[in-house]
Amino acid sequence: MRLCELREKEVINVCNCKCLGFVADIDIDVCTGMVLALIIPGCGKVWGIFGKESEILIPWKQVVRVGPDIILVEIPEPEHR
């Protein structure tokens, strides 16, 4: 699968059913060629225009399934005390 094909897929967290966005880039280990993580752009500070965007880094081991239209990931929410 090519990066351009991954960019067309919506990333969904199976723990809370929230859409995280679309894949912007991937992190690859250049020595082994293995995919280490998916990188999803975060929201900007003001209307997505001003300020630096944060990135969501999803380790490859948290990817549950890559389907024809979506990528399912498992990112547990932190417990609130």
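Predicted model, so just to flag it, every value in this text is computed and none were measured.

Asks: For the pairing of strand S4 (residues 35-41), give the residues involved together with the corresponding values.
Replies: Note that strand S3 (residues 25-28) and S4 share four bridges and pair antiparallel. Looking across to S4, one finds that Asp 25 is bridged to Ile 39. Between S3 and the antiparallel strand that follows it, S4, lie six residues; Gly 33 among them carries a positive phi value of about 80 degrees. Where S4 lies against strand S5 (residues 55-59), five bridges are found, and the strand directions are antiparallel. Counterpart to Ile 40 in the pairing with S5 is Ile 56.

Parameters at a glance
Residues numbered from 1 in each chain as written. Predicted model: local features only at pLDDT ≥ 70, side-chain atom pairs only at ≥ 80, totals over all residues. Heavy atoms only, no water. Pairing = 2+ DSSP bridges. Helix = DSSP H or I, 4+ residues; strand = E, 2+ residues; numbered from the N terminus.

Any link to function would need more than the numbers given here.
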